[in-house]
Amino acid sequence: MRIAIFGAGGVGGYFGGRLAHAGKDVVFIARGDHLKAMQNGGLKVDSIAGDFHVARVEATDDPAAVGHADMVMVAVKLYDTDEAVRACAPLVGPVSTVASFQNGVTGGDALTAAFGPERVIGGTAAIAAMISAPGVLTHTGAIATIAFGEWDGIASPRAEALLGAFENAGVEATLAGDITAAIWSKFVFLSTFSAITCALRLPI
């Protein structure tokens, strides 16, 4: 399975890094100094779950140079979704699967509108991680989980294949029976804490 990570920040960088560290076929779509650092020195992750360094990673800012991927994981900020949809189009072929692992609840809808419902599954991730320096991610919390699944809850071969890839990489992954509920549950959680932290100007 060839997996393209569109966005190599806290979510894409961490989970894609875990997959790459386990020897999976992963390509990162990134930009700027972070991309250059990954191309020159790989990807380093400092994590409470165990530090690791992928000395050689495949990374580019040109999706067209990658070709079609079996799985495209979109992990950019939600406000970059429209641009990401346009940019990741060369990665999506006739049998590709695409999933949003962004905050919010509209990422999957945008992907479905662009690529068709048959190519899109739902996804959500829970992790506190960030780019602490070019080529370096810091995982700052104890949680690092990812969930995904077909919209109708069926355990499809493509979803099970992705689950197996994550489990083999040591990632706590769940094949969700109701991915819509999982996405909305995270949205409710974030909305609650965002209001409190914004009002008080304090971290959680």
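Here the structure is a predicted model, which is why all the values come from computation and not from measurement.

Quick notes on the rules
- Sequence order as written defines the numbering, with residues in each chain counted from 1.
- Selection of residues for local features in this predicted model requires a pLDDT of at least 70, selection of side-chain atom pairs for listing and counting requires 80 or more, and totals for whole chains, interfaces and linings are taken over all residues.
- Here the side-chain values reflect all heavy atoms present in the structure, with hydrogen atoms and water set aside.
- We count a stretch as a helix when DSSP gives it H or I for four or more residues in a row; a strand needs E for two or more, and each element gets its number in order from the N terminus.
- Only C-alpha atoms enter the radius of gyration; for comparison, a globular chain is expected to reach 2.2 Å times N to the power 0.38, where N is the number of residues.
- Accessibility here uses a 1.4 Å probe with only protein chains present; expressed as a share of the type maximum, an area under 20% marks a residue as buried, one over 50% as exposed, and anything in between as partly exposed.
- A contact between two residues is defined here by any heavy atoms of the two lying within 4.5 Å.
- Patches here: salt-bridge-free residues with over 30% relative accessible area, like charges joined within 9 Å, nonpolar side chains (Val, Leu, Ile, Met, Phe, Trp, Tyr) joined within 5 Å.
- Each accessible area value is a Shrake-Rupley result obtained with a 1.4 Å probe; residue values ignore everything except the protein chains displayed when judging cover.
- Salt bridge, as applied in this entry: a Lys or Arg side-chain nitrogen positioned within 4 Å of an Asp or Glu carboxyl oxygen.
- In plain words, nonpolar cores are sets of buried Ala, Val, Leu, Ile, Met, Phe, Trp, Tyr and Cys residues tied together by side-chain atoms within 4.5 Å.
- Within this analysis, the arc is defined by the directions that extend from the helix axis to the C-beta atoms.
- Classification of ring pairs rests on two measures: the distance between centres of Phe, Tyr or Trp rings, Trp counted by its six-membered ring, which must be within 6.5 Å, and the angle between planes, read as stacked under 30 degrees, edge-to-face over 60 and tilted in between.
- Counting of polar contacts relies on pairs of N or O atoms within 3.5 Å, with two restrictions inside protein: one atom must be capable of donating a hydrogen and the other of accepting it, and residues adjacent in sequence are counted only when both atoms are side-chain atoms.
- We treat two strands as partners when DSSP finds at least two bridges between them.

Engineer: For this particular structure, what's the right way to read the overall build of the protein chain?
Structural biologist: Counting secondary structure elements, the protein chain contains six helices and 10 strands. Taking 17 Å as the expected radius of gyration for a compact globule of 204 residues, we find that the protein chain reaches 16 Å, a close match to that expectation. Each principal axis of the C-alpha distribution contributes one length, and for the protein chain these read about 45 × 40 × 30 Å. Of all 204 residues assigned to the protein chain, the portion counted as buried reaches 47%. Summarising the internal contacts of the protein chain: among those between residues at least 6 apart in sequence, 67% fall at separations of at least 24.

Engineer: Would you mind going over a nonpolar patch on the surface with me for this structure?
Structural biologist: A cluster of nonpolar side chains, W184, F187 and V188, forms an exposed patch at the surface whose accessible area comes to about 280 Å². F187 sits in the partly exposed class, given a relative accessible area of 30%.

Engineer: Can you walk me through the nonpolar core in this structure?
Structural biologist: Soluble globular proteins: nonpolar side chains tend toward being buried together. In terms of nonpolar packing, the biggest core is built from 35 residues, with F28, M38, M73, I146, F148 and F166 touching the most fellow members. If near-sequence neighbours (up to four positions away) are discounted, M38 is found in contact with A8, F28, A30, L43, V57, A59 and G135. V76, V85, F115 and V120 belong to the second largest nonpolar core, which has 18 residues in total.

Engineer: Explanation requested: the pattern of salt bridges in the structure shown.
Structural biologist: It is possible for side chains bearing opposite charge to pair when their charged atoms get close. One pass over the structure, following the stated rule, counts five salt bridges. The partner of R2 in a salt bridge is E58, with the nearest N and O atoms 2.8 Å apart. Of the two residues, R2 sits in strand β1 (residues 2-6) while E58 sits in strand β5 (residues 58-60), which places them 56 residues apart along the sequence. Exposure remark for R2: the relative accessible area of 17% places this residue in the buried category. The salt bridge partner of E118 is R119, with a shortest N-O separation of 3.1 Å.

Engineer: For this particular structure, what's the right way to read helix α4 (residues 107-115)?
Structural biologist: Three or four residues apart is the spacing at which side chains of an α-helix point the same way, because the helix has 3.6 residues per turn. Listing the buried residues of α4 in full gives G107, G108, L111 and F115. Looking down the long axis of α4, one finds its buried residues gathered within 95 degrees of arc, a one-sided arrangement. More than 90 degrees from the buried face of α4, the exposed residues found are D109 and A113.

Engineer: Help me out: how do you make sense of the packing of aromatic side chains in this one?
Structural biologist: In this description, an aromatic ring pair is defined by two values, namely the gap between the centres and the angle between the planes. Under the criterion given, the structure shown has five aromatic pairs. Judged by centre distance (6.4 Å) and plane angle (90 degrees), the rings of F15 and F166 are edge-to-face. Highlighted residues: F15 in helix α1 (residues 10-21) and F166 in helix α5 (residues 157-168), separated in sequence by 151 residues. For F15, a relative accessible area of 0% puts it in the buried group. Considering the side-chain rings of W184 and F187, the 5.5 Å spacing of their centres and the 80 degrees angle between planes classify their relative orientation as edge-to-face. One end of the pair, W184, and the other, F187, are both in helix α6 (residues 179-200), three residues apart, so they sit about a helical turn from each other.

Engineer: Please clarify how the side chain of H139 should be interpreted in this entry.
Structural biologist: Among the structural elements, H139 can be located in strand β9 (residues 136-149). A distance of 2.7 Å separates the side chain of H139 from the side chain of S47, its partner in a polar contact. Reaching out from H139, the side chain makes a polar contact with the backbone oxygen of I143 at a distance of 3.0 Å. Every residue in contact with H139, bar those within four places of it in the chain, is listed here: Y14, D46, S47, I48, A49, I127, A128, A129 and A144.

Engineer: What is the right way to look at the pairing of β9 in this model?
Structural biologist: On a regular strand, each side chain points to the face opposite its neighbour's, so the side chains alternate between the two faces of the sheet. Sheet topology note: the strand β3 (residues 43-47)/β9 ladder contains four bridges and is parallel. In the strand pairing of β9, D46 is matched with T138. Where strand β8 (residues 120-133) meets β9, 10 bridges bridge the pair, whose relative direction is antiparallel. Opposite G122, over in β9, you have G149 as the bridge partner. Taken together, β8 and the strand that follows it, β9, pair antiparallel across an intervening segment of two residues, in which G135 is found at a positive phi of about 80 degrees. Where β9 meets strand β10 (residues 172-175), four bridges bridge the pair, whose relative direction is parallel. Each bridged residue has a counterpart across the sheet, and for F148 the counterpart in β10 is L175.

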